[in-house]
Amino acid sequence: MKTDEQIVEAVKSCRREGQDLMVCRYGQPVFALIVRLVADTMDAEELTQDTFLKAFSHIDSYDPQRASLSTWLCRIAYHLTLDFLKRSRPLIISIEETEVWQTDISDEQLEAELSTGNEERIQELESLIDDLPPDERLLLMLHYFENRTLDECSFIMDATPHALANRLYRIRKKLYKQLQKI
């Protein structure tokens, strides 16, 4: 089994084997990230291809000291997908979202409400997560479901770990408020 370093070197040397290995190893995780943001499977497939084409053409900019190959590819996918979403539909901010910040909720209350084992509550929460804006949904998925660190998330999403920690808190707070209304 080839290491990421060997795959990168093969891609840098323009060897088809390196490209094939990179797509085989990381194609599914990259597609999974994109499909969380883009509803149409064909668009997600095209964006996945674009991600790898961009990675192949910019392989010299990959720095293993800054991020793993997986995280670097996710960063490329994230930015390509955001560009796609900006071109395909306008950003709409709900006025209801402004209410979320007006009520102070402790971390303990958030955790108690959002981590319940009740199957019905879990389905309600999953539905609310599906309705979040793409970038918020992706941040939750990366951090909580893929167990990526805030540093990895910050590299992918091009934000500071501190800013993402604040966003995670606000997203959880928004979900808590919406669950209270159900």
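Residues numbered from 1 in each chain as written. Predicted model: local features only at pLDDT ≥ 70, side-chain atom pairs only at ≥ 80, totals over all residues. Heavy atoms only, no water.

A. Fine view of the overall build of the chain. Looking only at helices and strands, the chain has 10 helices and 0 strands in total. In sequence order, the secondary structure elements of the chain are arranged as α-α-α-α-α-α-α-α-α-α. Taking all 182 residues of the chain together, 41% fall into the buried category. Put simply, 66% of the contacts in the chain that link residues at least 6 apart link residues at least 24 apart. For the chain, the accessible area works out to roughly 10700 Å², and carbon and sulfur atoms hold 51% of it. (Helix = DSSP H or I, 4+ residues; strand = E, 2+ residues; numbered from the N terminus. Buried < 20%, exposed > 50% of the residue type's maximum accessible area, 1.4 Å probe, protein only. Contact = heavy atoms within 4.5 Å. Areas by Shrake-Rupley, 256 points an atom, 1.4 Å probe, with all protein chains shown as cover.)

B. Geometry of helix α9 (residues 150-157). Every buried residue belonging to α9 is among Cys 153, Ser 154, Phe 155, Ile 156 and Met 157, and all of these are buried. Buried residues along α9 sit against α4 (69-88), α8 (134-145) and α10 (161-181). Asp 158 sits one or two residues past α9 and shows a positive phi near 60 degrees.

C. View of the packing of aromatic side chains. Under the counting rule described, the total for this entry stands at 2 aromatic pairs. Residues Phe 52 and Phe 56 carry aromatic rings whose centres are separated by 6.2 Å and whose planes lie at 45 degrees to one another, so their mutual orientation is tilted. Here Phe 56 and Phe 52 lie together in helix α3 (residues 41-57), a separation of 4 residues that amounts to about one turn. When the ring centre of Phe 155 is taken as reference, the NZ or CZ atom of Arg 75 above it lies at 4.6 Å. (Phe/Tyr/Trp six-rings, centres within 6.5 Å; stacked < 30°, edge-to-face > 60°. Lys NZ or Arg CZ within 6 Å of the ring centre and 35° of its normal.)

D. The arrangement of the packing of helix α7 (residues 119-130) against α10 in detail. At their nearest, the axes of α7 and α10 sit 10 Å apart, and the two run at 125 degrees to each other. Taken together, α7 and α10 sit at an angle that is classed as oblique. In the packing of α7 onto α10, the handedness of the crossing is right-handed. Across from Arg 121, Glu 124, Leu 125, Leu 128 and Ile 129 in α7, the residues of α10 making contact are Leu 175, Gln 178, Leu 179 and Gln 180. (Axes fitted to C-alpha atoms, helices over the stretch in contact; angles between N-to-C directions. Parallel < 35°, antiparallel > 145°, perpendicular 65-115°, else oblique. Left-handed = near helix turned anticlockwise from the far one by under 90°.)

E. The nonpolar core, seen in detail. Counting 48 residues, the largest nonpolar core has Met 22, Ile 34, Leu 69, Trp 72, Leu 73 and Leu 175 as its most contacted members. For this core, the elements supplying multiple residues, two or more each, are α1 (4-12), α2 (16-37), α3, α4, α7, α8, α9 and α10. If you tally residues by element for this core, the top one is α4, at 11 residues. Once residues lying within four places of it in the same chain are set aside, the contact partners of Trp 72 are Ala 55, His 58, Ile 59, Ser 61, Tyr 62, Ala 67 and Phe 155. (Core = buried A, V, L, I, M, F, W, Y, C linked by side-chain atoms within 4.5 Å.)

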